[in-house]
Amino acid sequence: MGEEIISYSLRARANLIRRSYIEDMEKHLLAFDNRLSNNGIDTKWICNEEQLLQTIASFFTKEHFNKFCFDLPDLPDSLKKHPAIKHINIQDFEAHNDAPEYLVVNADFAIVEDGTLVFLNKRTKSCFNQVENLIVLLDLDKLVVKASDLDTLLYLQSYYKNNTWLPSDIKFIQKPFEQIISNDDFGNSNNTPSSQKVKITVLLYDNGITDRLADPLLRTSLYCIHCDHCKQVCPVYSITKQHSPIELIKNGNEQNGEFINIAGHTTLCGNCNDACPVMIPFTNILLKQMERTQVYRPHASLLKYFSKRPKMNKLNGWPWRTLFLHKHYGKNKPLMDYFQKKKESFFNLWQTPKDSDE
């Protein structure tokens with residue numbers, strides 16, 4: 001599959017889809033909350049990890065041995081170590097070796113229009129109807145306004161993240177469904193299974209999202225569809241394996257829990273700008289965050305220089321690169337040390353067909 005398959009018009013449509021939700025997020029979230037309620041699904045609003053732990057604890061029925069299965073990409077340490085939780089392994093759950101009382105899973109997308117929750121390639125997808133309580137963690141930025149918007153985002157995310165046309169497995173939940181209860185207890189002659197409604201609770205998770213929403217430029221980072229393409233084309237990340245461009249934006253400022261020296265992890269080559277399927281202006285955001293944290297204050301000449309891709313391409317030669325680094329980063333010791341230790345050519349290693357014609 002070539003890059004030319006992803007046309008500018010498709011990226012523009014994806015940008016419009018994300019912008020239509022993010023720019024009026026509060027209104028859409030309230031409508032989504034109301035839709036879930038009408039569908040018979042409970043909601044709770046969660047600000048941060050501490051409140052997430054408190055909310056999970058509110059489900060405990062016992063002081064110890066509350067049986068939870070977590071199908072989350074990153075399980076917070078507070079939940080891993082909580083003394084009241086007995087963690088049920090997903091494999092044991094699937095094999096029916098142990099049965100949790102609660103299944104906690106994150107939703108990949110949700111649709112405001114009809115209150116649908118969307119799950120992609122979940123390991124526990126076949127177990128949703130085997131628990132009494134399903135707890136769904138949903139980040140506030142992972143919604144689309146209309147069902148017709150979802151196809152475009154799923155296509156782009158799957159294309160860049162997994163090199164496939166669409167996810168291999170998609171599960172939709174709009175209303176509570178039936179839990180299948182086996183009646184094969186010892187001595188019970190009635191083997192006919194019974195059923196009851198699964199209680200579904202959606203945790204609408206902020207986790208710093210509304211902080212970024214307040215800034216008109218930083219807000220555009222919320223357009224992200226988590227395709228990882230910015231990571232794939234970043235020359236610095238290809239060497240360091242640390243802090244993709246979107247991670248720099250999320251964590252490279254003093255408002256967040258972790259502070260990252262942005263200048264030490266980017267050459268501002270613009271690859272992420274060109275690659276992003278939803279057109280996030282990475283370079284502008286990174287430059288603004290550098291100014292805010294006073295790690296590095298770019299001058300107008302530097303902005304102009306970085307805006308010209310052919311000039312960046314010429315810097316792979318050692319003399320040009322040395323002159324460039326001393327001119328623009330001479331007073332930034334962490335970045336200079338980083339560059340001087342690296343002998344590879346790492347400016348703008350990836351090009352789109354458009355770039356090659358410049």
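Residues numbered from 1 in each chain as written. Predicted model: local features only at pLDDT ≥ 70, side-chain atom pairs only at ≥ 80, totals over all residues. Heavy atoms only, no water.

### With respect to the overall build of the protein chain
Item 1. Assigned secondary structure in the protein chain consists of 17 helices and 12 strands.
Item 2. Taking all 358 residues of the protein chain together, 49% fall into the buried category.
Item 3. Taking contacts inside the protein chain between residues at least 6 apart in sequence as the whole, the part at least 24 apart equals 71%.
Item 4. As displayed, the protein chain has an accessible area near 18,000 Å², and 49% of this comes from carbon and sulfur atoms. (Helix = DSSP H or I, 4+ residues; strand = E, 2+ residues; numbered from the N terminus. Buried < 20%, exposed > 50% of the residue type's maximum accessible area, 1.4 Å probe, protein only. Contact = heavy atoms within 4.5 Å. Areas by Shrake-Rupley, 256 points an atom, 1.4 Å probe, with all protein chains shown as cover.)

### Description of empty space enclosed by the protein
Item 1. This model, assessed by the stated rule, comprises two cavities of 30 Å³ or more.
Item 2. Quantified by volume, the largest cavity comes out at close to 100 Å³.
Item 3. For the largest cavity, the lining is made up of 16 residues, of which Cys 234, Pro 245, Thr 266, Cys 269 and Cys 272 are closest to its centre.
Item 4. Of all the secondary-structure elements, those providing two or more residues to the lining of the largest cavity are α9 (235-240), α11 (271-275) and α12 (282-293).
Item 5. Its residues assigned to classes, the lining of the largest cavity shows 10 nonpolar, six polar and no charged. (1 Å grid on protein atoms, 1.4 Å probe; cavity = no way out; pocket = protein on both sides within 12 Å on 5 of 7 lines; lining within 4 Å. Points joined across faces, edges and corners; volume = space filled by probe spheres on them. Nonpolar A, V, L, I, M, F, W, Y, C, P; charged D, E, K, R; others polar.)

### What about the side chain of Asp 206?
Item 1. Following the sequence through the fold, Asp 206 ends up in the loop between β12 (199-205) and α7 (209-213).
Item 2. Of the buried charged residues, Asp 206 lacks a salt bridge, with Arg 212 as the closest side chain of opposite charge at 7.8 Å.
Item 3. Residues in contact with Asp 206, not counting those within four places in the same chain, are Ile 46, Cys 47 and Leu 140. (Lys, Arg positive; Asp, Glu negative; His and termini not counted. Salt bridge = Lys/Arg side-chain N within 4 Å of Asp/Glu carboxyl O.)

### Overview of the pattern of salt bridges
Item 1. Enumeration over the complete set of coordinates arrives at 10 salt bridges.
Item 2. Residues Asp 24 and Lys 27 are paired through a salt bridge, measuring 3.3 Å at the closest nitrogen-oxygen approach.
Item 3. Here Lys 80 and Asp 77 are joined by a salt bridge, their closest N and O atoms 3.7 Å apart. One end of the pair, Lys 80, and the other, Asp 77, are both in helix α4 (residues 77-80), three residues apart, so they sit about a helical turn from each other.
Item 4. Its relative accessible area of 47% is what places Lys 80 among the partly exposed residues.
Item 5. Since its relative accessible area comes to 47%, Asp 77 is described here as partly exposed.

### Quick notes on the confidence of the model for the protein chain
Item 1. Averaged over every residue, the pLDDT of the protein chain is 82; residues scoring 70 or more account for 74%.
Item 2. Confidence, expressed as mean pLDDT per element, reaches its minimum in the protein chain at helix α17 (residues 353-356) with 36 and its maximum at strand β5 (residues 109-111) with 98.
Item 3. Predicted confidence is poor over residues 295-302, with pLDDT under 50, and the contacts of this stretch with residues over four places away or in other chains come to 16 contacts.
Item 4. Contacts from residues 344-358, a stretch scored under 50 in pLDDT, to residues over four places away or in other chains number 36 contacts. (pLDDT = per-residue confidence, 0-100.)

### Comments concerning the environment of Tyr 21
Item 1. On the secondary structure map, Tyr 21 appears in helix α1 (residues 8-22).
Item 2. The class for Tyr 21 is buried, based on a relative accessible area of 0%.
Item 3. With near-sequence residues (within four places) excluded, Tyr 21 lies in contact with His 28, Leu 29, Val 112, Leu 140, Asp 141, Leu 143 and Val 145.

### As for the sheet that holds strand β8 (residues 143-144)
Item 1. Strand order in the open sheet formed by four strands is β8-β5-β6-β9, and the pairing between neighbours is mixed. Each end of this open sheet is capped by a strand with a single partner; those strands are β8 and β9 (170-173). (Pairing = 2+ DSSP bridges.)

### Re the sheet that holds β12
Item 1. Strand order in this open sheet of six strands is β1-β12-β7-β4-β2-β3, and the pairing throughout is parallel. Of all strands in the sheet, those bounded by a partner on one side alone are β1 (42-46) and β3 (85-87). On average, each strand axis in the sheet is inclined to that of its neighbour by 25 degrees, with strand direction left out of account.
Item 2. Bridge count between strand β4 (residues 102-106) and strand β7 (residues 133-139): five bridges; the pairing is parallel. Residue pairing across strands places Val 105 opposite Val 136, the latter belonging to β7.
Item 3. The sheet contacts of helix α2 (residues 25-38) involve β1, β7 and β12, and relative to β1 the element is tilted by about 145 degrees. (Axes fitted to C-alpha atoms, helices over the stretch in contact; angles between N-to-C directions.)

### Observations concerning the packing of aromatic side chains
Item 1. Inspection of the entire model under this criterion finds eight aromatic pairs.
Item 2. Measuring from ring centre to ring centre gives 5.9 Å for Tyr 155 and Trp 165, while their planes differ by 15 degrees; the resulting arrangement is stacked. With a gap of 10 residues between them, Tyr 155 in helix α6 (residues 147-162) and Trp 165 in the loop between α6 and β9 connect regions that are remote in the sequence.
Item 3. For Trp 165, a relative accessible area of 48% gives the class partly exposed.
Item 4. Taken together, the ring pairs in this structure connect Phe 59, Phe 60, Phe 68, Phe 70 and Tyr 102 into an aromatic cluster. (Phe/Tyr/Trp six-rings, centres within 6.5 Å; stacked < 30°, edge-to-face > 60°.)

### Remarks on α2
Item 1. For α2, spanning 14 residues, the distance from its first C-alpha to its last is 20 Å, which sits close to the expected 20 Å at 1.5 Å a residue.
Item 2. When we look at burial in α2, the residues that qualify are Met 25, His 28, Leu 29, Phe 32, Asp 33 and Leu 36. Angular distribution of buried residues about the axis of α2 spans 140 degrees; they occupy a single face of the element. Turned more than 90 degrees off the buried face of α2, the exposed positions are Glu 26, Lys 27, Leu 30, Ser 37 and Asn 38.
Item 3. Just past α2, the residue Gly 40 takes up positive phi, approximately 85 degrees. (Expected span 1.5 Å × (residues − 1). Arc of directions from axis to C-beta.)

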